[in-house]
Amino acid sequence: IPAVSHNVVMPIRELLIAMKMHSLPARGHVRHKMVKDLCDLYGLLWYSSRSIEDLIKELQKFVKRETIEQLKKTIDSGLLKESEALLGEPKGSIHTVLHALNDRLI
């Protein structure tokens, strides 16, 4: 971002995804932050120019099975519904993307 600085380093998409996967379960009961993290996670996955397979190859460097299991336990139907409504996405869209991620990461 040259307008800001020549020394700004942007993390790769896979690292941002991994960070969201780690942070969402750690939010505890701060619902609005969990919704935001899920919206961010969905956006990083769905709007990537790379295929889900390519993203997953790189994600495996940053995400352990335990992280995925914790994420699955944390995301409930209400959280999915809130996030989809906030983003204006069709019902089931976030679940579909996360299911594809889960199936390939484990």
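Trainee: Account for the overall build of the protein chain, naming residues and giving values.
Mentor: Helices and strands together make up the secondary structure of the protein chain, namely six helices and zero strands. Helices and strands in the protein chain line up, N terminus first, as α-α-α-α-α-α. Within the span of the protein chain, comprising 106 residues, buried residues form 37% of the whole. As presented, the protein chain carries roughly 6,700 Å² of accessible surface, and 58% of it is formed by carbon and sulfur atoms. Charge-centre separation for the protein chain: the mean point of 16 positive side chains lies 3 Å from the mean point of 13 negative side chains.

Trainee: Kindly report on helix H2 (residues 31-46), identifying the contributing residues and their values.
Mentor: With 16 residues, H2 should reach 22 Å at 1.5 Å per residue; the first-to-last C-alpha distance of 22 Å fits that figure. Restricting attention to buried positions, one finds in H2 the residues Met-34, Val-35, Asp-37, Leu-38, Cys-39, Leu-41, Tyr-42, Leu-44 and Leu-45.

Trainee: Tell me about the packing of aromatic side chains, and please be specific about residues and values.
Mentor: Summed over the entire model, instances satisfying the criterion amount to two aromatic pairs. Taking 6.3 Å as the distance between ring centres and 10° as the angle between the ring planes, the aromatic pair formed by Tyr-42 and Trp-46 counts as stacked. With Tyr-42 and Trp-46 both in helix H2, this residue pair falls four residues apart, about one helical turn. With relative accessibility at 2%, the residue Tyr-42 sits in the buried group. Chaining the aromatic ring pairs together yields one cluster made of Tyr-42, Trp-46 and Tyr-47.

Trainee: Account for the environment of Met-19, naming residues and giving values.
Mentor: Looking at where Met-19 falls in the secondary structure, it is placed in helix H1 (residues 13-26). Spatially, the C-alpha atom of Met-19 lies 9.1 Å from that of Leu-41, the residues being 22 residues apart in sequence.

Trainee: An account of the pattern of salt bridges is requested, with residue identities and associated values reported.
Mentor: Considering all chains together, one arrives at nine salt bridges under this definition. The shortest N-O distance in the salt bridge between Asp-37 and Arg-27 comes to 2.7 Å. Here Arg-27 lies in the loop between H1 and H2 and Asp-37 lies in helix H2, a separation of ten residues in the sequence. A network of salt bridges, in which partner residues are shared, links Lys-20, Arg-27, Lys-36, Asp-37 and Asp-40.

Rules and cut-offs
Residues numbered from 1 in each chain as written. Predicted model: local features only at pLDDT ≥ 70, side-chain atom pairs only at ≥ 80, totals over all residues. Heavy atoms only, no water. Helix = DSSP H or I, 4+ residues; strand = E, 2+ residues; numbered from the N terminus. Buried < 20%, exposed > 50% of the residue type's maximum accessible area, 1.4 Å probe, protein only. Areas by Shrake-Rupley, 256 points an atom, 1.4 Å probe, with all protein chains shown as cover. Lys, Arg positive; Asp, Glu negative; His and termini not counted. Charge placed at Lys NZ, Arg CZ, Asp CG, Glu CD. Expected span 1.5 Å × (residues − 1). Phe/Tyr/Trp six-rings, centres within 6.5 Å; stacked < 30°, edge-to-face > 60°. Salt bridge = Lys/Arg side-chain N within 4 Å of Asp/Glu carboxyl O.

Honestly, that's just the spatial picture; any functional story needs more than this.
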